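Residue-level structural notes
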Amino acid sequence: MENLKAFIESGILEAYVSGSSTIEENDLVEQMAASFSEIQAEIELISDALELYALTNTIIPEPTLKPMLLAAVDFTERMKNGEQPSFPPELNEGSTINDYAKWLNRPDMIAADFNDIHAKIIGYTPHALTAIVWIKDMAPQEVHDDEYEKFLIVEGTCNITIGAKVYQLQPGDYLAIPLYENHFVQVTSSTQCKVILQRIAA
């Protein structure tokens with residue numbers, strides 16, 4: 001029994017459950033678990049404790065992270081396949097949809113079937129990322145502390161709420177999001193909202 005207690009307290013079972021044990025240690029643990037119910041019970045306790053720890057410390061990623069990561073992968077592949085870098089103009093109060101016609105009219109700049117948000121990057125520098133973004137229903141609340149976010153509405157309509165203020169936007173409208181301000185987008189048209197999105201380093 002003392003040997004069993006020493007085996008349980010050795011740390012080998014935690015290593016086994018976490019996947020950091022060696023092949024030889026795995027064989028030993030499995031042999032011991034087959035021979036002693038106490039070892040099997042301890043493995044189950046450790047597994048349950050690790051699962052509970054993982055669940056209570058889970059960080060839920062921002063919902064916009066996945067579509068922007070997929071857009072970055074798509075952009076990288078396009079560059080590898082010979083697409084030349086382009087530099088869309090910086091969005092400002094005087095920007096028009098026509099300023100981005102070169103990119104909007106490209107046959108490959110379409111939204112594939114998507115759930116909530118789809119994006120295609122059309123320009124990237126260390127200072128600015130520019131993308132065409134399609135939003136089906138909404139883009140959830142977020143705050144930026146290191147980049148300015150700017151929108152130019154291309155198709156559809158939406159409300160962008162910044163703090164307590166709601167901006168009702170339609171095609172041709174421009175809006176810049178200040179730093180450190182909670183904001184979210186709610187589509188108000190029966191069709192998806194298509195925007196030029198730009199993120200400028202602060």
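Residues numbered from 1 in each chain as written. Predicted model: local features only at pLDDT ≥ 70, side-chain atom pairs only at ≥ 80, totals over all residues. Heavy atoms only, no water.

Across its full length, the protein carries six helices and nine strands. In terms of overall size, the protein is more extended than a compact globule, its C-alpha atoms giving a radius of gyration of 26 Å where 202 residues would be expected to give roughly 17 Å. By principal-axis analysis of the C-alpha atoms, the protein measures approximately 80 × 45 × 35 Å. Buried residues in the protein amount to 38% of all 202 residues. Pairs at least 24 apart in sequence give 64% of the contacts found in the protein among residues at least 6 apart. Of the roughly 12,200 Å² of accessible surface on the protein, 55% is carried by carbon and sulfur atoms. (Helix = DSSP H or I, 4+ residues; strand = E, 2+ residues; numbered from the N terminus. Rg over C-alpha atoms; globule rule 2.2 N^0.38 Å. Buried < 20%, exposed > 50% of the residue type's maximum accessible area, 1.4 Å probe, protein only. Contact = heavy atoms within 4.5 Å. Areas by Shrake-Rupley, 256 points an atom, 1.4 Å probe, with all protein chains shown as cover.)

When pLDDT is low, close inspection of the predicted coordinates is not appropriate. Per-residue pLDDT for the protein has a mean of 91; in total, 96% of the residues score no lower than 70. Across the protein, the element-wise mean pLDDT spans from 83 in helix H1 (residues 2–9) up to 97 in helix H6 (residues 101–104). (pLDDT = per-residue confidence, 0-100.)

This part is about the side chain of Thr130. Relative to the helices and strands, Thr130 resides in strand S2 (residues 128–135). Judged by relative accessible area, which is 2%, Thr130 ranks as buried. At 2.7 Å, the side chain of Thr130 forms a polar contact with the side chain of Gln198. Aside from chain neighbours lying at most four places away, what touches Thr130 is Pro88, Lys120, Ile121, Ile122, Gly123, Ile196, Leu197 and Gln198. (Polar contact = N/O pair within 3.5 Å; in protein donor to acceptor, adjacent residues only side chain to side chain.)

Where charged atoms of side chains with opposite charge meet at close range, the side chains can pair. Tallied over the entire structure, the rule returns 12 salt bridges. As a salt-bridge pair, Arg106 and Glu83 come within 3.2 Å of each other at their nearest N and O atoms. One end of the pair, Arg106, is in the loop between H6 and strand S1 (117–124); the other, Glu83, is in the loop between helix H5 (65–80) and H6, and 23 residues separate them in sequence. Across the pair Glu147 and Arg199 runs a salt bridge whose closest N-O atoms are separated by 3.8 Å. With a gap of 52 residues between them, Glu147 in strand S4 (residues 147–155) and Arg199 in strand S9 (residues 193–201) connect regions that are remote in the sequence. Each of Asp74, Arg78, Glu83, Arg106, Asp108 and Lys120 takes part in salt bridges that share partners, so that together they form one network. (Salt bridge = Lys/Arg side-chain N within 4 Å of Asp/Glu carboxyl O.)

A regular strand carries its side chains on alternate faces of the sheet. Pairing of strand S5 (residues 158–162) with strand S6 (residues 165–169) involves five bridges; the strand directions are antiparallel. Paired with Ile162 across the two strands is Lys165, which belongs to S6. Linking S5 back to S6 in an antiparallel pair, the connection comprises two residues, with Gly163 at a positive phi of about 60°. (Pairing = 2+ DSSP bridges.)

Let us now look at the environment of Ile8. Looking at the element boundaries, Ile8 is found in helix H1. Separated by 110 residues in the primary sequence, Ile8 and His118 have C-alpha atoms spaced 50 Å apart.

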